[in-house]
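# Fold and contact review
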There are 4 protein chains.
Amino acid sequence: MGNSFGKLFNISSWGESHGGGIGVTIDGCPPRLPLCESDIQKELDRRRPGQSKITTPRDESDQVEILSGIFDGLTLGTPIAMLVRNKDARPQAYDEMKEKFRPSHADFTYQSKYGHRNHEGGGRSSARETIARVAAGAVAKKILSFKKVEVRAYVERIHDLLVPNGLDFPCLDAVEASPTRCPHPKTASEMEARILEAKKAGDSVGGSILCRVRGLPVGWGAPVFDRLEADLAKSMLGLPATKGFEVGSGFEGTFLKGSEHNDLFESREGKVRTSSNRSGGVQGGISNGEELYFRTAFKPTATVLQKQQTVNQEGQETELMGRGRHDPCVLPRAVPIVEAMTALVLLDHAMRHYAQCESFDFS
Amino acid sequence: MGNSFGKLFNISSWGESHGGGIGVTIDGCPPRLPLCESDIQKELDRRRPGQSKITTPRDESDQVEILSGIFDGLTLGTPIAMLVRNKDARPQAYDEMKEKFRPSHADFTYQSKYGHRNHEGGGRSSARETIARVAAGAVAKKILSFKKVEVRAYVERIHDLLVPNGLDFPCLDAVEASPTRCPHPKTASEMEARILEAKKAGDSVGGSILCRVRGLPVGWGAPVFDRLEADLAKSMLGLPATKGFEVGSGFEGTFLKGSEHNDLFESREGKVRTSSNRSGGVQGGISNGEELYFRTAFKPTATVLQKQQTVNQEGQETELMGRGRHDPCVLPRAVPIVEAMTALVLLDHAMRHYAQCESFDFS
Amino acid sequence: MGNSFGKLFNISSWGESHGGGIGVTIDGCPPRLPLCESDIQKELDRRRPGQSKITTPRDESDQVEILSGIFDGLTLGTPIAMLVRNKDARPQAYDEMKEKFRPSHADFTYQSKYGHRNHEGGGRSSARETIARVAAGAVAKKILSFKKVEVRAYVERIHDLLVPNGLDFPCLDAVEASPTRCPHPKTASEMEARILEAKKAGDSVGGSILCRVRGLPVGWGAPVFDRLEADLAKSMLGLPATKGFEVGSGFEGTFLKGSEHNDLFESREGKVRTSSNRSGGVQGGISNGEELYFRTAFKPTATVLQKQQTVNQEGQETELMGRGRHDPCVLPRAVPIVEAMTALVLLDHAMRHYAQCESFDFS
Amino acid sequence: MGNSFGKLFNISSWGESHGGGIGVTIDGCPPRLPLCESDIQKELDRRRPGQSKITTPRDESDQVEILSGIFDGLTLGTPIAMLVRNKDARPQAYDEMKEKFRPSHADFTYQSKYGHRNHEGGGRSSARETIARVAAGAVAKKILSFKKVEVRAYVERIHDLLVPNGLDFPCLDAVEASPTRCPHPKTASEMEARILEAKKAGDSVGGSILCRVRGLPVGWGAPVFDRLEADLAKSMLGLPATKGFEVGSGFEGTFLKGSEHNDLFESREGKVRTSSNRSGGVQGGISNGEELYFRTAFKPTATVLQKQQTVNQEGQETELMGRGRHDPCVLPRAVPIVEAMTALVLLDHAMRHYAQCESFDFS
């Protein structure tokens, strides 16, 4: 359970790190969208391993095959199934993990919950599953682009290296310019050094990703349980290695008084706008037309190339030497994943909004 | 849309601040649970307005009526409907809001989305809706108590006043001892003063609530989208005035290296345990048997008794003087709400776990 | 579980025959629909007991109270809660049923499933629950009327008394002209006599209801699991006392050959039409613009005023004398229920269709 | 939308007749079930084309590949993805259908709904999609077998050739003995002749399938909308070519009086049983421990090898000569599909029942 996401633009994810592959099915995609494999591939290429010296050397080209839902280059409105085969799997590298639980991984909880697990590369708990999210998110992003909605995530902080405040909404090229996916060149090169330093020490680092959305119309979202920020929070905390989420002023904002924190309304270019944006583009769970922005915390990668204390499946204490190909820092590759999930949440809410609020005229 | 929550223990919330009342229906409650109105009322009393001098003076006793689903003092297994009538509504106090949007409230977004709204007390966007969540959560908490799962939330920080690190798991009485719902007496009295100071200045303050759960078995939760922390994050960001969520080491933890952050496994009293708990009780989206803890940020109340710039429904700039009964700080009353949502998430995952993992024997 | 219906226009039903009342909450209703209690009441009046000499004498006026979701006479887009209190409950009439299971009722299965039940009037299994469906369906019908979609059900057969073939689409008045809700006067009066005859004998009769829908646009419905006729079948077999469903040519049509059964396409008034309508208005699960029609079988009422063999809760054989106020034939009162469920299914599919197929332009 | 089924044992179906293949993902499968491809293949072999002279000659071996969710021969509890490639596709055989709508097929409605369609072999509306259901159903059937629940469907009637009343619950071999899947040898050979006669005439025939389930415990199912028979009805009317459904006494039973129709309770072998079974094994939407049985009507195949009147995409009248490989009668191959859907419905309700009613002890 828990492997599908979205009410109207619904995706079902499947696959393990070392099984037949990773795949996803989209149900609810609008018909007649021009779509081909390169639309998906370009996003998968941003996520794939081995793309730079600061990512895992696992060599997967992650070529996507679209199995259904497209005809004559246009979506049919029926399910779109996509498949990425696993190629460079090395199950034998995980033999030791068959018996021993890796600290701060999901080995122990999966074993306890299911009484059974695929220990190779973490099986279903591997971040390799996010291929499914990126592939589906690529479709959502393309649809949103027809509504002029632009989703841009970037690495804002690695360890204690933080981009300066007040960055303009960066273009995609600026984000992609550095392997760190930090659009501020000076910080980006410091980050790169810090990641390599951690790698060299067999250690890892974490940080935070900022996601910004512009072009959002007023009115997407819903009251009560499915607030836009609630669904975004769920989508982020559903990613591997995430530990926190904040929207708008976030935790910082709680140090302000109400009179300091409120976003005052004003009239700008004939529109109702706010003079500040501590709300982060959402009020009462519904977009207010300002830039939507939120931040997600990613912990340092759990796999470290050091000897660590642990227990085995029999509950006996033992030691485990970290092995396997891994990323010393997950954030650069997490950027397209954050964008994908954001696009999925936004599109789903857009479709709900159209269904309820823009399809009936009772006047 | 978006007014129901939970897959198996499903609740549907309805009602507005100044309409006929607030209510909730629970579908999926296990049968034969002893349940009466006082089980619900005691939690509603912790949430109700007018309970102390630091809360809104709106005088609502918030008496619950159970309309269905109980017979001879036991749940039937069929829907439990609960109703709380609105009593002390003063719609005329909101006449000015009919035309003007309150800053950092949902007036503008509701009006834009629906083309129509109930301006009295915020209508559906009022925090009064959380009565529904607390009532349903009271049932979930009672069920969890039979599984020895204990959910305890408390105010950890108001403005910049923070409880010291390392507090033991407090008992309910310790939390309830102060109107602030902070279980650390010294900090609690400073918080109380700070809130009264804000109230006197017609201003408001925010802060954070910590929620801790003990007694959780290993194995509740799910991989991928519906990780336990993902559903908790959604439940928290779906509450009014929340801006952030973090589980375990949270944002702080991202300043550590992997070697510093990992929770090492050890064998303790015959069980697999971790020697630290930066994971916060959840690994791979599934409970690991350690204490679950997470933190939610609440912004300062948007209603301040000061003149603020805004626009009216015609988009013209104007001013609005804050009025209406309100809380200078929402956190003390939010504590039972946080507990309620937590219990709802946990029980829903418990039921999913039983259905999938503990109901079949293939050996 | 199983007490809510609909994906986008979602309703949650609650209540028992002899508890606090029956209610329903609608989530997903479009905003700005003019709606007042009389819109609901007129449909409830068609369902209520005591409306004629061929229905149960239980005296319930079934007055509805709208508790939320309306402001200034228009829907808000947020949940609409509706409540009908139970008035003429006579729990003591059911004392014997506390111990004995009524044949062909749900007493035994509820007791077995839940280990507990409300034996008064059947509790949750009472057809009184259909108040919730009729109330919600009244809203759906009103919305559909703005799309020129008209839903008309009527009693087609009681016992072996069948209306002649080839009836025109009847107006509402023609259906309401007889207490039997059969729009063919001659058959209607024979039916009335047959029902009274059964009543006099302490017995009961069944039959079938035909439901016809005109004005349906081409394109509502969905492939595969949620075909329009699949959701209609579910909605009908979810009604108390139903045993069968058929759409278009139904079971009869399976005695034809393909060459006899196919509906040939032709061009009529500039539209693609079929020259016959054995498909029943739906092809591949999607409406084709022809009249939609389907038939539902209702068994004879299980409560008969005769002595019947049964067992008690201890499993011992005993006898039970039928008692309680009941309908000798459920069909006349089931007509508005069939219409309500049909409207709910159609509106839900309309909203899905708008969301997916009419809200995006990729050209 | 509408391409997934089941709340807890949830399946997502995808694929077209002439695209990359057909597939299905199961989410919610219990862990540690022994499962391999042959478990699936044996059911697919019962459904596959070309299995006898009364089925379509399309030559597809329909070999299944399990892509995920199994490790060391046991299910992992995480999604099981299965893929069947299309092999013997002949898209050019459908060139004429690119422009012309086949009567009583879904060509026109798909084109109208989506503004686009895959005309090759009916695309998504092809019965080839039912591979997904049979594959998923094979898993459900295997799980149910551990609970001693046995699902058996068979062809009961072809055209007007009906098996005699009162057949014992047949074993699988008896059903499989004839290519018609009718377990009554004499009727089966008449049916075979009738089908071949229709085939020779370029025509087609329909009929009905009976499905019987034994070993069902008391208590599966749910009140109100998700009654067991309601979900079964939906699952059947969601199959291609179905026009009707009846459970227990069905339409026939509505010609009886209540006193004739009721199933009286008795005590048999220490259990509460009914002396007749017109209810069909379900009362109030919940299984009562008797044999569950229901009947589904399948219309004659719409594809006939004759010239038929139709219109083209421009709405002009024209003629179409039936072509393409097809079945002169769909029922024999529909038998495993009916079983698969039945197993899916039953298992889903079993899981719901365990979650709500058998996982908590409040005594």
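Not measured: the values here are computed from a predicted model.

## Points about the overall build of chain A
If you tally the helices and strands in chain A, you get nine helices and 18 strands. Here the C-alpha atoms of chain A give a radius of gyration of 21 Å, agreeing with the 21 Å that 2.2 N^0.38 yields for 363 residues. A principal-axis box enclosing the C-alpha atoms of chain A has dimensions of 70 × 50 × 35 Å. Counting all 363 residues of chain A, 67% fall into the buried class. Considering only residue pairs separated by 6 or more positions, chain A has 69% of its internal contacts joining residues 24 or more positions apart.

## Considering the relation of the copies chain A and chain B
Of the transformation placing chain A onto chain B, the axial shift is 0.0 Å and the rotation is 180°, giving an RMSD of 0.0 Å. Both copies are brought into coincidence by an operation consistent with a two-fold rotation axis. When the interface residues of chain A are mapped onto chain B, 100% of them again fall at the interface, so both copies present the same face.

## Examining the pairing of strand 10 (residues 207–214) of chain C
Residues and elements named next belong to chain C. Of all eight residues in strand 10, six are buried, a share of seventy percent or more. One ladder, built from eight bridges, connects strand 8 (residues 150–158) with strand 10; its direction is antiparallel. Within strand 10, the position partnered with Val-151 by the bridge is Val-213. Bridge count between strand 10 and strand 16 (residues 292–298): seven bridges; the pairing is antiparallel. Within the sheet, the bridge partner assigned to Ile-209 lies in strand 16 and is Thr-296.

## Examining unusual backbone geometry
At Asp-62 of chain B, a position not held by glycine, the phi torsion is positive, near 50°. As for its placement among the helices and strands, Asp-62 of chain B is situated in the loop between helix 1 (37–47) and strand 4 (64–66).

## Quick word on the sheet that holds strand 7 (residues 80–85) of chain B
All names here are of chain B. Within the open sheet, the five strands sit side by side as 1-2-3-7-4. Their pairing is antiparallel. Each of the sheet's edge strands pairs with one partner strand only, and the pair in question is strand 1 (4–5) and strand 4. In the sheet, strand 4 pairs with strand 7 via three bridges, with the strands oriented antiparallel. Within strand 7, the residue paired with Val-64 across the bridge is Val-84. Helix-sheet contacts for helix 1 involve strand 4 and strand 7, and the interaxial angle to strand 4 is about 150°. In the packing of helix 3 (residues 130–146) onto the sheet, contacts are made with strand 2 (10–15), strand 3 (21–27), strand 4 and strand 7, and the angle to strand 3 comes to roughly 35°.

## A closer look at the interface of chain A and chain B
Each partner contributes to the interface: chain A provides 91 residues, whereas chain B provides 91 residues. For the side of chain A that touches chain B, the class distribution of residues is 34 nonpolar, 39 polar and 18 charged. Pairing between strand 11 (residues 242–247) of chain A and strand 11 (residues 242–247) of chain B: three bridges, direction antiparallel. Its bridge partner lying in strand 11 of chain B, Glu-246 of chain A is registered against Gly-244 of chain B.

## Considering the environment of Gln-41 of chain C
Note on placement: Gln-41 of chain C falls in helix 1 (residues 37–47). Sequence separation of Gln-41 of chain C and Cys-182 of chain C is 141 residues, and the distance between their C-alpha atoms is 22 Å.

## Quick word on the interface of chain D and chain C
Between chain D and chain C, the residue contacts involve 91 residues of the former and 91 residues of the latter. When the residues that make up the side of chain D that touches chain C are grouped by side-chain class, the tally is 34 nonpolar, 39 polar and 18 charged.

## Some points on the sheet that holds strand 7 (residues 80–85) of chain D
Residues and elements named next belong to chain D. Taking strand neighbours across the sheet as the criterion, the five strands line up as 1-2-3-7-4 in an open arrangement whose pairing is antiparallel. A single partner strand is all that each edge strand has here, and the edge strands are strand 1 (4–5) and strand 4 (64–66). The pairing of strand 1 with strand 2 (residues 10–15) spans two bridges and is classified as antiparallel. Bridged to Ser-4 within strand 2 is Ser-12. Helix-sheet contacts for helix 1 (residues 37–47) involve strand 4 and strand 7, and the interaxial angle to strand 4 is about 150°. Set on the sheet, helix 3 (residues 130–146) makes contact with strand 2, strand 3 (21–27), strand 4 and strand 7; between it and strand 3 the angle comes to about 35°.

## Some details on the confidence of the model for chain A
Taken over all residues, the pLDDT of chain A has a mean of 95, while the share at 70 or more is 100%. Two summary scores accompany this predicted model of the complex, namely pTM at 0.98 and ipTM at 0.97.

## Here we look at helix 3 of chain D
With 17 residues, helix 3 of chain D should reach 24 Å at 1.5 Å per residue; the first-to-last C-alpha distance of 25 Å fits that figure. Within two residues after helix 3 of chain D, Lys-148 of chain D carries a phi angle of roughly 65°, on the positive side.

## Thoughts on the packing of helix 3 of chain D against helix 9 (residues 331–357) of chain D
Residue and element names in this part refer to chain D. For the pair helix 3 and helix 9, interaxial distance at closest approach is 7 Å and the crossing angle is 55°. In this view, helix 3 runs oblique relative to helix 9, as classed from their interaxial angle. Here helix 3 and helix 9 pass one another in a crossing that is left-handed. Counted together, Thr-130, Arg-133, Val-134, Ala-136, Gly-137, Ala-138, Ala-140, Lys-141, Ile-143 and Leu-144 of helix 3 and Pro-336, Ile-337, Glu-339, Ala-340, Met-341, Ala-343, Leu-344, Leu-346 and Leu-347 of helix 9 form the full contact between these two elements.

## So, helix 6 (residues 228–237) of chain C
Most of helix 6 of chain C sits inside the fold, with 10 of its 10 residues counted as buried. Within the sequence span of helix 6 of chain C, burial applies to Leu-228, Glu-229, Ala-230, Asp-231, Leu-232, Ala-233, Lys-234, Ser-235, Met-236 and Leu-237 of chain C.

## As for the pairing of strand 11 (residues 242–247) of chain C
Regular strands place side chains that alternate from one sheet face to the opposite one. All names here are of chain C. The buried count for strand 11 comes to six of six residues, which makes it a mostly enclosed element. With five bridges connecting them, strand 11 and strand 16 associate as antiparallel partners. Residue pairing in the sheet places Phe-245 in a bridge with Thr-296 of strand 16.

## Describing the packing of helix 6 (residues 228–237) of chain A against helix 6 (residues 228–237) of chain B
For the pair helix 6 of chain A and helix 6 of chain B, the least separation of the axes is 7 Å and the interaxial angle reads 160°. Considering the angle they form, helix 6 of chain A stands roughly antiparallel to helix 6 of chain B. Once helix 6 of chain A is placed against helix 6 of chain B, the crossing between them reads as right-handed. Contacts between helix 6 of chain A and helix 6 of chain B involve Glu-229, Ala-230, Asp-231, Ala-233, Lys-234 and Leu-237 of chain A from the former and Glu-229, Ala-230, Asp-231, Ala-233, Lys-234 and Leu-237 of chain B from the latter. Of the residues that constitute the contact of helix 6 of chain A with helix 6 of chain B, the class distribution is six nonpolar, no polar and six charged.

## Digging into the environment of Ser-235 of chain A
Residues and elements named next belong to chain A. Inspection of the secondary structure puts Ser-235 in helix 6. Classification of Ser-235 as buried rests on a count of 29 C-beta atoms within 10 Å. Put simply, Ser-235 and Thr-342 are 107 residues apart on the chain and 7.4 Å apart in space, counted from C-alpha to C-alpha.

## Some words on the environment of Arg-212 of chain B
Residues and elements named next belong to chain B. Considering the arrangement of structural elements, one finds Arg-212 in strand 10 (residues 207–214). When the 19 C-beta atoms within 10 Å are taken as the criterion, Arg-212 is described as partly exposed. Separated by 33 residues in sequence, Arg-212 and Pro-179 have C-alpha atoms that sit 19 Å apart. In this structure Arg-212 touches Arg-152, Phe-169, Glu-291 and Tyr-293, once residues within four positions along its chain are discounted.

Criteria and cut-off values
- Think of each chain on its own: its residues are numbered from 1, step by step along the sequence as written.
- Ligands are numbered from 1 and chains lettered from A, in the order in which they are written.
- Two thresholds apply to this predicted model, a pLDDT of at least 70 for residue-level local features and 80 or more for giving and counting side-chain atom pairs, whereas whole-chain, interface and lining totals are computed over all residues.
- The way it works is that DSSP assigns letters per residue, a run of H or I at least four long becomes a helix, a run of E at least two long becomes a strand, and they are numbered from the N terminus.
- We compute the radius of gyration from the C-alpha atoms alone; for a globule the expected value is 2.2 Å times N to the 0.38, where N is the number of residues.
- Partly exposed residues are those falling between the two cut-offs: more than 12 but fewer than 20 other C-beta atoms within 10 Å of their own, whereas 20 or more means buried and 12 or fewer means exposed, with C-beta atoms placed from the backbone.
- Contacts are defined on C-beta atoms placed from the backbone: any two residues whose C-beta positions lie within 7 Å are in contact.
- Alignment of the copies relies on least squares applied to C-alpha atoms, considering only residues that score at least 70 for pLDDT in both.
- Any two strands with at least two DSSP-identified bridges between them are counted as paired.
- With axes taken as lines fitted to C-alpha atoms, and helix axes fitted only over the stretch in contact, angles between N-to-C directions fall between 0 and 180 degrees.
- Each residue is assigned to one class: nonpolar for Ala, Val, Leu, Ile, Met, Phe, Trp, Tyr, Cys and Pro, charged for Asp, Glu, Lys and Arg, and polar for all the others, Gly among them.
- One number per residue, pLDDT, summarises how confident the predictor is, and it ranges from 0 to 100.
- Expected helix span is given by 1.5 Å per residue-to-residue step, counting one fewer step than there are residues.
- Relative orientations are named as follows: roughly parallel for angles under 35 degrees, roughly antiparallel for angles over 145 degrees, roughly perpendicular for angles from 65 to 115 degrees, and oblique for any other angle.
- Should the near helix be turned anticlockwise from the far one by less than a right angle, the crossing is termed left-handed; should it be turned clockwise, right-handed.

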